[in-house]
Amino acid sequence: MKFLAVCSTGLGSSFMVHMNIDKVLKELGVSGIDVDHADLGSVARGDADAVFVGRDIAEAAENLGDLVVLNSIIDINELRTKVRATLERKGVTVPEVGVGA
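Described below are features of the structure shown in this document. (Residues numbered from 1 in each chain as written. Predicted model: local features only at pLDDT ≥ 70, side-chain atom pairs only at ≥ 80, totals over all residues. Heavy atoms only, no water.)

**Some details on the packing of aromatic side chains**
Here's step 1: Summed over the entire model, instances satisfying the criterion amount to one aromatic pair.
Here's step 2: Centroid distance Phe3 to Phe52: 5.3 Å. Interplanar angle 55°. Geometry classified as tilted. Taken together, the residues Phe3 in strand β1 (residues 2-7) and Phe52 in strand β3 (residues 50-54) connect sequence positions 49 residues apart.
Here's step 3: The class for Phe3 is buried, based on a relative accessible area of 0%.
Here's step 4: Take Phe52: its relative accessible area is 1%, and that puts it in the buried class. (Phe/Tyr/Trp six-rings, centres within 6.5 Å; stacked < 30°, edge-to-face > 60°. Helix = DSSP H or I, 4+ residues; strand = E, 2+ residues; numbered from the N terminus. Buried < 20%, exposed > 50% of the residue type's maximum accessible area, 1.4 Å probe, protein only.)

Listed below in structure tokens is the structure:
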């Protein structure tokens, strides 16, 4: 399974979200998820199982498939909640030990 963090340039904010998704997955005790980051212009539908974007580019990214819109790209609690929900939606069991870590 692949999660992709996307921003307009594929540099700063998408890289930060990428690193934070990695951190959240580790906290949740989930492995086997490939996480990467990219710019909006180089991503196509099907490139990832879930695409994480900031609210500022959500409309431009709506054609990319399973879109996870972050109201705040720096809110780790929001990201944790949305990563967990995305995993569950995709059928990945999230161990309870990682809750609120």
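Moving on from the coordinates now.
**Observations concerning the sheet that holds β3**
Hydrogen bonding along the main chain pairs the strands of a sheet, whether they run parallel or antiparallel.
Here's step 1: If you walk across this open sheet you meet the four strands as β2-β1-β3-β4, and the pairing is parallel. Edge positions in the sheet fall to β2 (34-39) and β4 (67-70), since each has one partner strand and no second. When strand polarity is set aside, the average angle formed by the axes of neighbouring strands in this sheet is 25°.
Here's step 2: In the sheet, β1 pairs with β3 via four bridges, with the strands oriented parallel. Looking at the pairing, Leu4 lines up with Val51 of β3.
Here's step 3: Contacting β1, β2, β3 and β4, helix α1 (residues 12-28) crosses the sheet at an angle of about 170° to β2. (Pairing = 2+ DSSP bridges. Axes fitted to C-alpha atoms, helices over the stretch in contact; angles between N-to-C directions. Contact = heavy atoms within 4.5 Å.)

**Some remarks on the pairing of β2**
Consecutive residues of a regular strand have side chains that alternate between opposite faces of the sheet.
Here's step 1: As judged from the six bridges shared by β1 and β2, these two strands associate in the parallel manner. When the bridges of β2 are listed, Val6 appears paired with Ala38.
Here's step 2: What joins β1 to β2 is α1, and the crossover it makes is right-handed. (Right-handed = clockwise from strand over helix to strand, strands pointing away.)

**Some points on the layout of surface pockets**
Here's step 1: Counted as a void, the largest pocket has a volume near 160 Å³.
Here's step 2: Contributing to the lining of the largest pocket are 16 residues, with Cys7, Ser13, Gly54, Asp56 and Ile73 lying nearest its centre.
Here's step 3: Secondary-structure elements contributing two or more residues to the lining of the largest pocket are β1, α1 and β3.
Here's step 4: The residue inventory of the lining of the largest pocket, partitioned by class, reads nine nonpolar, five polar and two charged. (1 Å grid on protein atoms, 1.4 Å probe; cavity = no way out; pocket = protein on both sides within 12 Å on 5 of 7 lines; lining within 4 Å. Points joined across faces, edges and corners; volume = space filled by probe spheres on them. Nonpolar A, V, L, I, M, F, W, Y, C, P; charged D, E, K, R; others polar.)

**Considering α1**
Here's step 1: Along its 17 residues, α1 runs 24 Å from first to last C-alpha, staying within 8% of the 24 Å computed at 1.5 Å per residue.
Here's step 2: Contacts from the buried residues of α1 go to β1, β2, β3, β4 and α3 (76-89). (Expected span 1.5 Å × (residues − 1).)

Shape descriptors only; they carry no functional weight alone.
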